[in-house]
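# Working through the structure, step by step
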Amino acid sequence: MKALVLSGGSGTRLRPFTYSMPKQLMPVANRPVLEHVLENIRELGVSEVAVVVGDRGPEIAEVLGDGSRLGLRLTYIRQEQPLGLAHCVKIARDFLGEDDFVMYLGDNMLPQGVKEMAREFAERRPTAQVVVQRVADPRAFGVAEVTADGRVTRLVEKPEQPRSDLALTGVYFFTPVIHQAIDRITPSARGELEITDALQWLVSYGATVRAREYTGYWKDTGRAEDVLDCNRELLRGVERSVGGLVDDDSVLTGPVVVEPGARVVRSRIVGPAVVGAGSHVVDTRVGPYTSIGRDCRLCDTAVEDSVVLDGASVSGVPALRGSLIGRSAAVTSADGGTVHHRLVVGDHTQVEVAA
């Protein structure tokens, strides 16, 4: 089996961060979302992965390289325009050959993994298998209508009146027959080759398309609040590890990671929390569910339930909660005494917060 990871989206909902980085590289628990995706794929025993990229492809390739650091062999395929998920499969045809493959959206987080789904696909080997999850409002998703024994009878993209609550999560398993279906569909009203149309073509012509329900945590990291929620979820799984310097006047409570090269001075950190390599935390309180990236500077401040990206600094802010601070951003306070909730600061931005 091979893998196809789709990483060409522009991430308009995650601005201002996506002005300066691809959304798939947004860190969650101090690792890019795309690395979490590739780790899930590696756990399936897959080693050959094609990453479909758009204009930000060089930035993604700079971070991931040839994949050897992750135990994978990566191939990059450029999609010149966003012409749909099925179009991504079409332009990857030479790479995929006649192999089965898993297709995975590169901004989706499924931290419990999809090994059971892959095992079922290999054992049953339907023409295609979709991974679904029950949602409260299916109107924002591709929706699968499924029989009691798991066979898909109909797929609809963002239905106004859904007849099922099973949403497509963005993970699909395919046999090579999918290429025939894609060759026979036409662009939708929005000008894209829809993967739901290709799957519906298979269903209409009698092929077996199955659905497997995923009951773990699932989130599309498309907005700042989604990134924060994913960060909380992944930090719940960290184990205490102190590789950096923590002085005698500091206290670490619970699962706290202090990476090598980091320094914690006269501070208190309550886990789960991560302090990245090269960061300095001085006279500061770090509360739970906080990720501090590499080479950050936190001084005389308090932060919790937040993500602070590489190279950022926070100084003199009495309380920062539920916030997302961009790369090399600087946040200071002139007057103190105020709790700041939901502060979102873009990369390379200087902000002085006030009462």
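Whatever comes next refers back to the structure up there.
In this convention, every chain numbers its residues from 1, walking through the sequence in written order. Note on the predicted model: pLDDT of at least 70 is required for a residue's local features to be given, and 80 or more for side-chain atom pairs to be given and counted; whole-chain, interface and lining totals, by contrast, use all residues. Think of the side-chain values as coming from all heavy atoms in the structure, minus any hydrogens and water.

### A look at the pattern of salt bridges
Counted as salt bridges are all cases of a side-chain nitrogen of Lys or Arg within 4 Å of a carboxyl oxygen of Asp or Glu. A complete count under the given rule lists 33 salt bridges for this structure. Between Asp 183 and Lys 90 there is a salt bridge, with its nearest N and O atoms 3.1 Å apart. Of this pair, Asp 183 sits in helix α6 (residues 177-184) while Lys 90 sits in helix α3 (residues 85-91), and the two are 93 residues apart along the sequence. Here the salt bridges share partners, and the residues they tie into one network are Arg 31, Glu 35, Glu 39, Arg 42 and Arg 69. Per the convention used, a helix needs a DSSP run of H or I reaching at least four residues, while a strand needs a run of E reaching at least two, with both numbered from the N terminus.

### Here we look at the sheet that holds strand β32 (residues 344-345)
Read across the open sheet, the 7 strands follow the order β14-β17-β20-β23-β26-β29-β32; overall the sheet is parallel. Two strands bound the open sheet, and with one partner strand each, they are β14 (241-242) and β32. Only strands joined by at least two bridges in the DSSP assignment are considered to pair. Inspection of the sheet shows strand β23 (residues 290-292) paired to strand β26 (residues 307-308) by 2 bridges, in the parallel sense. Among the inter-strand pairings, Ser 291 is bridged to a residue of β26, identified as Val 307.

### Digging into the sheet that holds strand β27 (residues 313-315)
Strand order across the open sheet formed by 7 strands is β15-β18-β21-β24-β27-β30-β33, with parallel pairing between neighbours. Where the open sheet ends on each side, the last strands, each with one partner, are β15 (245-246) and β33 (350-353).

### Some details on the packing of α6 against helix α7 (residues 195-204)
To get an axis, fit a line to the C-alpha atoms, keeping to the stretch in contact for a helix; angles then go from 0 to 180 degrees between the N-to-C directions. Between α6 and α7, the least distance of the axes is 9 Å, while the angle of their chain directions is 110°. In terms of their interaxial angle, α6 and α7 are classed as roughly perpendicular. Contacts from Val 177, Ile 178, Ala 181, Ile 182 and Arg 184 in α6 reach Ile 195, Ala 198, Trp 201 and Leu 202 in α7. Of the residues that constitute the contact of α6 with α7, the class distribution is 8 nonpolar, no polar and 1 charged. Oblique is the label for every angle not falling under 35 degrees (roughly parallel), over 145 degrees (roughly antiparallel), or within 65 to 115 degrees (roughly perpendicular). The contact criterion used is simple: two residues touch if any of their non-hydrogen atoms lie within 4.5 Å. Residues are sorted three ways: Asp, Glu, Lys and Arg are charged, Ala, Val, Leu, Ile, Met, Phe, Trp, Tyr, Cys and Pro are nonpolar, and all the rest, Gly among them, are polar.

### Digging into α7
Counted residue by residue, α7 has 8 buried out of 10 residues, so it is predominantly covered. Here the term buried applies to any residue with accessible area under 20% of the maximum for its type, exposed to any over 50%, and partly exposed to those in between, with areas from a 1.4 Å probe on protein chains only. Among the residues making up α7, those that are buried are Ile 195, Thr 196, Ala 198, Leu 199, Gln 200, Trp 201, Leu 202 and Val 203.

### Some details on the nonpolar core
The nonpolar core is taken to be a set of buried Ala, Val, Leu, Ile, Met, Phe, Trp, Tyr and Cys residues, with the residues joined through side-chain atoms within 4.5 Å. Core analysis: the biggest nonpolar cluster contains 49 residues, and Leu 38, Ile 41, Val 49, Val 114, Val 171 and Phe 173 have the highest contact counts within it. Mapped onto this core, the elements with two or more residues apiece are β1 (2-7), α1 (33-42), β4 (48-53), α2 (57-64), β6 (101-105), α5 (115-124), β11 (166-174) and α8 (224-235). With 6 residues, α8 is the single largest residue contributor to this core. If we skip the residues at most four places from it in the chain, Phe 173 touches Met 1, Leu 44, Phe 101, Val 102, Val 114, Met 117, Ala 118, Phe 121, Thr 127, Ala 128, Gln 129 and Val 131.

### Brief notes about the layout of surface pockets
A volume near 390 Å³ is recorded for the second largest pocket. Lining the second largest pocket are 20 residues, and of these Leu 25, Pro 32, Val 63, Arg 294 and Asp 310 sit closest to its centre. Only β3 (31-32), α2 and β26 provide two or more residues apiece to the lining of the second largest pocket. When residues in the lining of the second largest pocket are grouped by element, the largest group, 3 residues, is from α2. Its residues placed into classes, the lining of the second largest pocket shows 9 nonpolar, 3 polar and 8 charged. Put simply, the grid is 1 Å and covers the protein atoms alone, a cavity is a trapped set of points that fit a 1.4 Å probe, a pocket is an open set with protein on both sides within 12 Å along at least five of seven lines, and lining residues have an atom within 4 Å of a point. Grid points are joined across faces, edges and corners, and a volume is the space filled by probe spheres set on the points.

### Points about unusual backbone geometry
With an omega dihedral of 5°, the bond running from Gly 271 to Pro 272 counts as a cis peptide bond. Within the secondary structure layout, Pro 272 lies in the loop between β19 (268-270) and β20 (273-275). Backbone geometry at Asp 283 places phi at a positive 50°, although glycine is not the residue there. The topology assignment puts Asp 283 in the loop between β21 (280-282) and β22 (285-286).

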